[in-house]
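# A structural walkthrough
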Amino acid sequence: ESAKNCLISLELGGFIGGMMTGSVSDFLFNGQRSPVMYWCCLLMLPCVATIIWASMEVSMAPLYLSATYGFLGLVSFGPHMLVGLVARELYPNAPSTAGSYCKFIGQIGGTLAGYPLSIVASSGLGWNAVGIVMSTCTVLAAILFGQVTQPKAKIS
């Protein structure tokens, strides 16, 4: 029952986050997508830390865990959507090609990411080590997103 609620919360948060990040980048950051992706990555860290803590703590309230997954969906689905948009804005002469390459590389990464994480989890280090690896990747992503500069989006 708790796993079902966490998955529903993750997807619902992702739905809201996917729609919200575009508006946030347009209106709070004047069309700049990178700062939104940067902040979303940083906001993932408390979620990952809470999930690691929950794996060690048996008595965590199901509502708190569902809320954590909901917030994780809110801040993780948005950057996924914005990456393709940034690629299209960086290469206006071939926007569909740029977006397609981003999607292609993302699909390969999504397909291959599970294997190294499964090795970490089954190596005796456990799921806490997976959380540490994910936190490290999140920090690296935030650093990389912080370096992206792009032309100002035209908001009409």
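Per chain, residue numbering runs from 1 following the sequence as it is written. Side-chain atom pairs in this predicted model are given and counted only at pLDDT of 80 or more, local residue features only at pLDDT of at least 70, and totals for whole chains, interfaces and linings cover all residues. By convention in this description, side-chain values take in all heavy atoms of the structure and omit both hydrogens and water.

## Let's talk about the overall build of the chain
Test applied: In DSSP terms, a helix is any run of H or I states spanning at least four residues, a strand is any run of E spanning at least two, and both are numbered starting from the N terminus. To sort residues, take the accessible area from a 1.4 Å probe on protein chains only and compare it with the maximum for the residue type: under 20% means buried, over 50% means exposed, and anything in between is partly exposed. The contact definition used throughout considers only heavy atoms, calling two residues in contact when any of these lie within 4.5 Å. Using the Shrake-Rupley algorithm and a 1.4 Å probe, accessible areas are obtained, with residue cover drawn only from the displayed protein chains. Working convention for charge: Lys and Arg count positive, Asp and Glu count negative, and His plus the chain ends are omitted. Charge coordinates come from a single atom per side chain, which is NZ of Lys, CZ of Arg, CG of Asp or CD of Glu.
Each helix and strand in the chain was counted, giving 4 helices and 0 strands. Ordered by position from the N terminus, the helices and strands of the chain form the series α-α-α-α. By its C-alpha atoms, the chain is 50 × 30 × 25 Å across when sized along the principal axes. Across the 156 residues in the chain, those meeting the buried criterion constitute 34%. A separation of at least 24 residues holds for 70% of the contacts in the chain among residues at least 6 apart in sequence. For the chain, the accessible surface area stands at approximately 9700 Å², while carbon and sulfur atoms represent 71% of it. Across the chain, the centroid of the 6 positively charged side chains sits 15 Å from that of the 5 negatively charged ones.

## Thoughts on the confidence of the model for the chain
As a reminder of what qualifies: Per residue, pLDDT captures the predictor's confidence, and it can take any value from 0 to 100.
Here the chain averages 83 in pLDDT, while 92% of its residues score no lower than 70. Per-element averaging of pLDDT across the chain places helix H2 (residues 34–56) at the bottom with 84 and helix H1 (residues 2–27) at the top with 89.

## Structural notes on the pattern of salt bridges
Rules: Salt bridges are defined as contacts in which a side-chain nitrogen from Lys or Arg sits within 4 Å of a carboxyl oxygen from Asp or Glu.
Using the criterion set out here, one finds 2 salt bridges in the structure. Between arginine 33 and aspartate 26 there is a salt bridge; the shortest N-O distance is 2.5 Å. Across the salt bridge formed by glutamate 89 and arginine 33, the nearest N and O atoms sit 2.9 Å from each other. Of this pair, glutamate 89 sits in helix H3 (residues 62–90) while arginine 33 sits in the loop between H1 and H2, and the two are 56 residues apart along the sequence. Of the two residues, glutamate 89 and arginine 33, neither departs from the other in class, the shared state being buried.

## A few points about the environment of tyrosine 38
Looking at where tyrosine 38 falls in the secondary structure, it is placed in helix H2. The class for tyrosine 38 is partly exposed, based on a relative accessible area of 29%. Along the sequence, tyrosine 38 and leucine 65 sit 27 residues apart, while their C-alpha atoms lie 24 Å from each other. Each residue touching tyrosine 38, except ones within four places of it in the same chain, is listed here: Ala142, Phe145 and Gly146.

## Looking at the nonpolar core
For clarity, the threshold we go by: Put simply, buried Ala, Val, Leu, Ile, Met, Phe, Trp, Tyr and Cys residues joined by side-chain atoms within 4.5 Å make one nonpolar core.
Ranked by size, the top nonpolar core spans 13 residues in total, and within it Met37, Cys41, Met44 and Leu72 carry the most contacts. Among the elements of the structure, H2, H3 and helix H4 (95–147) are those that each provide at least two residues to this core. Those residues in contact with cysteine 41, other than ones at most four positions away along the chain, are Thr138, Ala141, Ala142 and Phe145.

## So, unusual backbone geometry
A positive phi angle is found at asparagine 30, which is not glycine, with a value near 50°. Mapped onto the secondary structure, asparagine 30 falls in the loop between H1 and H2. Its relative accessible area of 44% is what places asparagine 30 among the partly exposed residues.

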